[in-house]
Amino acid sequence: MMILASALLALAMGQEPPTHEPAPAPHESAAPAHEGAPAHDSTSPAEHGAAPEHEGGAAEEHGHGPSEVLMHHVTDQPYAPFGVNMGPSKHLVFFLIAAAAVILIAQLARRSYRTGGIPTGPAAALEALVLFVRDDIAEKNIGHDGRKFVPLLLSFFFFILVAALMGLLPFSATSTGNIMVTLALAVVLFIAGQWAGISKYGFVHHFVGLVPPGMPVWLLPIMIPVEILGLVSKPFALLIRLFANMLAGHMVITALLLLIPLMARLTPAAGIAMAPVSLGLALFIMILEVLVAFIQAYIFTLLTSIFIGMYAHPAH
């Protein structure tokens with residue numbers, strides 16, 4: 001689980017290199033002070049405020065501070081398993097793995113059907129999800145045009161679900177926690193919505209229909225920019241929602257695990273006492289993240305179908 005990877009980073013943060021203070025030279029301590037000579041400043045660097053640079057900054061220099069550990073875990077980094085840099089970033093690698101996994105699952109499920117169209121094995125569970133997306137999401141929100149958008153909605157649902165669940169594995173990454181990935185999904189949603197209206201009403205009538213009919217002419221300069229802003233704000237809200245939810249869960253888990261080395265810096269007993277509390281809370285959030293993966297896949301697919309239905313059947 002992701003707890004293992006986060007725990008290793010948390011333990012790494014707690015291992016600070018020891019700092020050794022240089023012993024005073026013998027001749028300095030033995031030399032008598034001359035009368036009238038300026039006294040040497042015997043204050044240590046720690047008394048001049050240099051201690052934080054060596055004590056608190058030792059972990060920061062080596063990338064083991066709390067902020068470095070947290071940002072390393074949730075931001076995009078070069079993918080270097082076992083210290084070997086593979087070239088692409090980890091979010092790109094797991095984005096491609098998630099996409100390949102969705103295609104593989106779909107092909108295995110298709111081959112699991114017996115003669116006569118009876119599903120067996122994993123195809124039976126997948127068929128229930130496919131029928132749910134088709135009947136309860138696509139057709140209910142888009143109408144009779146919903147079936148031609150079912151492949152797109154299924155792609156959104158299963159990719160978001162697989163990417164979120166894959167991010168819970170050890171030493172992995174959640175590609176949907178990258179705002180560029182959610183931006184790409186939002187762009188596809190925007191194009192699909194405009195295509196739904198243009199293919200049905202034509203280019204001109206689609207955009208004319210966005211403005212309520214019978215509106216006074218003097219309100220058009222206000223309503224047209226508002227409607228154009230609405231075209232962009234709908235997919236933008238979805239990309240921020242998905243990105244923030246995927247990022248927040250991993251940040252909370254990592255922050256909870258970092259409590260162990262942070263408390264251990266006070267006393268070893270405090271770190272030992274915090275360990276079961278921190279691991280228990282992290283495990284609870286981890287289980288909650290599995291539920292969040294299904295919820296976010298459902299919400300993104302549902303709102304996508306609603307927005308497409310608004311363009312396919314505009315009602316003012």
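Source: prediction; values computed, not measured. (Residues numbered from 1 in each chain as written. Predicted model: local features only at pLDDT ≥ 70, side-chain atom pairs only at ≥ 80, totals over all residues. Heavy atoms only, no water.)

Peer 1: I tried to follow the nonpolar core on my own but got confused; where do I start?
Peer 2: As a rule of thumb, soluble globular proteins bury nonpolar side chains together. If you look at the biggest cluster of nonpolar residues, it comprises 42 residues, and the most contacted ones within it are Phe159, Ile160, Leu185, Phe300 and Ile308. Those elements that place two or more of their residues in this core are helix H6 (90-111), helix H7 (122-142), helix H8 (150-166), helix H9 (179-201), helix H11 (220-264) and helix H12 (268-312). Looking at this core element by element, the count peaks at 13 residues for H8. Sequence-distant contacts of isoleucine 160, that is, excluding residues within four places in its chain, are made with Leu185, Leu242, Gln296, Ala297 and Phe300. In terms of nonpolar packing, the next biggest core, distinct from the first, is built from seven residues, Leu256, Leu257, Ile285 and Met286 among them. (Core = buried A, V, L, I, M, F, W, Y, C linked by side-chain atoms within 4.5 Å. Buried < 20%, exposed > 50% of the residue type's maximum accessible area, 1.4 Å probe, protein only. Helix = DSSP H or I, 4+ residues; strand = E, 2+ residues; numbered from the N terminus. Contact = heavy atoms within 4.5 Å.)

Peer 1: Which parts of the structure should I look at to understand the packing of aromatic side chains?
Peer 2: Any pair of aromatic rings gets described here by the distance separating the centres and the angle formed by the planes. Enumeration according to the criterion identifies six aromatic pairs in this entry. Ring centres of phenylalanine 149 and tryptophan 195 lie 5.8 Å apart, and the angle between their planes is 70 degrees; on these two criteria the pair is classed as edge-to-face. With phenylalanine 149 in the loop between H7 and H8 and tryptophan 195 in helix H9, the pair connects residues that are 46 residues apart, well separated along the chain. What makes phenylalanine 149 buried here is its relative accessible area of 4%. Assessed through its relative accessible area of 46%, tryptophan 195 is described here as partly exposed. (Phe/Tyr/Trp six-rings, centres within 6.5 Å; stacked < 30°, edge-to-face > 60°.)

Peer 1: I keep staring at a nonpolar patch on the surface and nothing clicks. Help me out?
Peer 2: Together, Ile179, Met180, Leu183, Val187, Phe190, Ile191, Val232, Phe236 and Ile240 give the surface a local cluster of nonpolar side chains, amounting to about 780 Å² of exposed area. Breaking the nonpolar patch down by element, the ones donating at least two residues are H9 and H11. Counting residues per element, the nonpolar patch draws most heavily on H9, at six residues. Relative to the elements of secondary structure, isoleucine 179 occurs in helix H9. Exposure remark for isoleucine 179: the relative accessible area of 35% places this residue in the partly exposed category. (Patch = residues over 30% accessible without salt bridge, like charges linked within 9 Å, V, L, I, M, F, W, Y side chains within 5 Å. Areas by Shrake-Rupley, 256 points an atom, 1.4 Å probe, with all protein chains shown as cover. Salt bridge = Lys/Arg side-chain N within 4 Å of Asp/Glu carboxyl O.)

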